[in-house]
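Each chain, letter by letter, is given below.
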Amino acid sequence: MRGAQPSYRTGLLAHYPSFSLLTLPGDAQTWSVPVFMFSGDAALKTLRDPNRRTTLGRACPLHAHWIDGEAITEVLPMGGVTDHYRRFVVDGAPVATEILSVGDAWACTNPVNGRGISMGLMHAEGTAEVVRAHPDDPLRLACAHDAMTETRATPWYRDTVVFDRARTAQIVAAISGRKVPPPTDPRGALALAMQHGAEVFCAFLEINSLLALPQDVFAGPGVADRIMEVAAAHPAVALPCPPRDELLRLLA
Ligand SMILES: Cc1cc2nc3c(=O)[nH]c(=O)nc-3n(C[C@H](O)[C@H](O)[C@H](O)COP(=O)(O)OP(=O)(O)OC[C@H]3O[C@@H](n4cnc5c(N)ncnc54)[C@H](O)[C@@H]3O)c2cc1C
């Protein structure tokens, strides 16, 4: 889209019950509004049609003004977004030496979290260290690279998988008209609690910026209890949008 830069009335990434909207500013007065949906949601696949995409945007009052610009491309569909991970060490032994996979070639994560570049840089830095330490020993290098990856980078990959599974469960519940059960652990409760407690918001920022792993942040004195307490004291905030059946009627 192109025009006067719209103002933010939600965060950059906003989760509605059965889809999410991302609002990404670009240069030269351009921006994009990616819609994330569940791959099995055949009804929302009609959003490939620009008119339906406009209908969806206009139906969400906090995002309607992001659709008001001049469309400079068609709706560009993208599928096959998966979390995947590969490892060249199995049962403690490398299955190949003299090959190291780094960044997305090692693990690719759902771009909705916007963490692939940070993970890749973190991994590349660790790779440079182990290559410097083992320049002439391919076997040791393979094992050291695997150990570094598992310690520094894999926990972030696993955290993305946890997020994706939880979000997929929410979306599937919304599609089938079931209520989403309240979160039972700090990772699940964080998104709600961060809206009501400054210290919880700081914990969220540390995790979201990949500065500290969730398990390390939650291990801080009283942090996990505080997150659960704040989340339990507040109802989940639903961003305004038509209920699912009304949305499908609008998109029909
Ligand atoms: C839609 C989308 C949105 C994203 N948004 C974000 C975001 O907001 N924030 C974020 O942090 N991450 C985001 N990511 C993830 C991020 O783009 C990747 O994690 C990051 O680019 C990975 O870097 P990389 O160097 O490992 O791989 P790549 O960036 O894929 O680089 C690999 C390069 O190798 C080249 N190549 C491939 N095969 C060969 C070959 N045989 N010979 C020579 N060259 C070859 C490719 O052309 C490419 O240039 C997003 C990803 C997608 C798909």
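Residues numbered from 1 in each chain as written. Predicted model: local features only at pLDDT ≥ 70, side-chain atom pairs only at ≥ 80, totals over all residues. Heavy atoms only, no water.

**Observations regarding the site of the ligand**
Note the following rule: By convention in this text, a residue qualifies as near a molecule or strand provided that one of its non-hydrogen atoms is within 4 Å of it. Within 3.5 Å is the distance limit for a polar contact, defined as a pair of N or O atoms, with the added protein rule that one can donate a hydrogen and the other accept it, and that residues adjacent in sequence qualify only through two side-chain atoms. Note on areas: Shrake-Rupley, 1.4 Å probe, and residue coverage restricted to the protein chains presented here. Each residue is assigned to one class: nonpolar for Ala, Val, Leu, Ile, Met, Phe, Trp, Tyr, Cys and Pro, charged for Asp, Glu, Lys and Arg, and polar for all the others, Gly among them.
Residues in close proximity to the ligand include Met 78, Gly 103, Asp 104, Pro 111, Gly 114, Arg 115, Gly 116 and Ile 117, which together make up its full environment. Gly 114 is positioned such that a nitrogen or oxygen atom in its backbone is 3.3 Å from an oxygen atom of the ligand. Residue Gly 116 places a main-chain N or O atom 3.4 Å away from an oxygen atom belonging to the ligand. Protein burial of the ligand: of its 1,000 Å² of free accessible surface, 31% is covered by the chains. Grouping the constituent residues of the shell around the ligand by class yields three nonpolar, three polar and two charged.

**Quick word on helix α8 (residues 244-251)**
Let me state the cut-off plainly: Summary of the burial criterion: residues with accessible area below 20% of their type's maximum are buried, those above 50% are exposed, and those between are partly exposed, where the area comes from a 1.4 Å probe applied to protein chains only. What counts as a helix is a DSSP run of H or I of at least four residues, what counts as a strand is a run of E of at least two, and both are numbered from the N terminus. Directions pointing from the helix axis toward each C-beta atom define the arc. What makes two residues a contact is simply this: any of their non-hydrogen atoms within 4.5 Å.
Among the residues making up α8, those that are buried are Arg 244, Leu 247 and Leu 251. Considered in projection along α8, the buried side chains sweep an arc of 60° and stay on one side of the axis. Facing away from the buried side of α8 by over 90 degrees, the exposed positions are Asp 245 and Arg 249. Its buried side turned inward, α8 meets β2 (19-22), α1 (50-58) and α3 (138-175).

**Let's talk about the packing of aromatic side chains**
Inclusion rule: Pairing of aromatic rings covers Phe, Tyr and Trp, the last counted by its six-membered ring, and requires centre-to-centre distances within 6.5 Å; plane angles under 30 degrees mean stacked, over 60 mean edge-to-face, and any other angle means tilted. Two limits define a charge over a ring: the Lys NZ or Arg CZ must be within 6 Å of the ring centre, and within 35 degrees of the ring normal.
One pass over the structure, following the stated rule, counts six aromatic pairs. Relative to Trp 106, the ring of Tyr 85 lies with its centre 6.1 Å away and its plane at 75°, an arrangement referred to as edge-to-face. Of the two residues, Tyr 85 is situated in strand β6 (residues 84-85) and Trp 106 in the loop between β8 (93-94) and β9 (107-108); the sequence distance between them amounts to 21 residues. You can call Tyr 85 partly exposed: its relative accessible area is 24%. Three or more aromatic residues joined by ring pairs form one cluster here, namely Tyr 8, Trp 31 and Trp 66. Positioned above the aromatic ring of Tyr 85 is the side chain of Arg 158, whose terminal nitrogen or guanidinium carbon lies 4.9 Å from the ring centre.

**Describing the layout of surface pockets**
Unoccupied space between atoms shows up once a probe the size of one water molecule is rolled over them. Note the following rule: Cavities and pockets are defined on a 1 Å grid built over the protein atoms alone: a cavity is a set of grid points where a 1.4 Å probe fits but cannot escape, while a pocket is an open set with protein on both sides within 12 Å along at least five of seven lines, and lining residues are those with an atom within 4 Å of any such point. Grid points are joined across faces, edges and corners, and a volume is the space filled by probe spheres set on the points.
Put simply, the second largest pocket is a space of about 1,300 Å³. Lining the second largest pocket are 40 residues; nearest its centre among them are Val 35, Phe 36, Met 37, Met 78 and Val 81. Looking at the lining of the second largest pocket, the elements that each hand over two or more residues are β2, β4 (31-32), β5 (35-37) and α3. The biggest single contributor to the lining of the second largest pocket is α3, with five residues. Looking at side-chain class alone, the lining of the second largest pocket contains 23 nonpolar, ten polar and seven charged residues.

Scope: geometric values only; no functional claims are made or implied.
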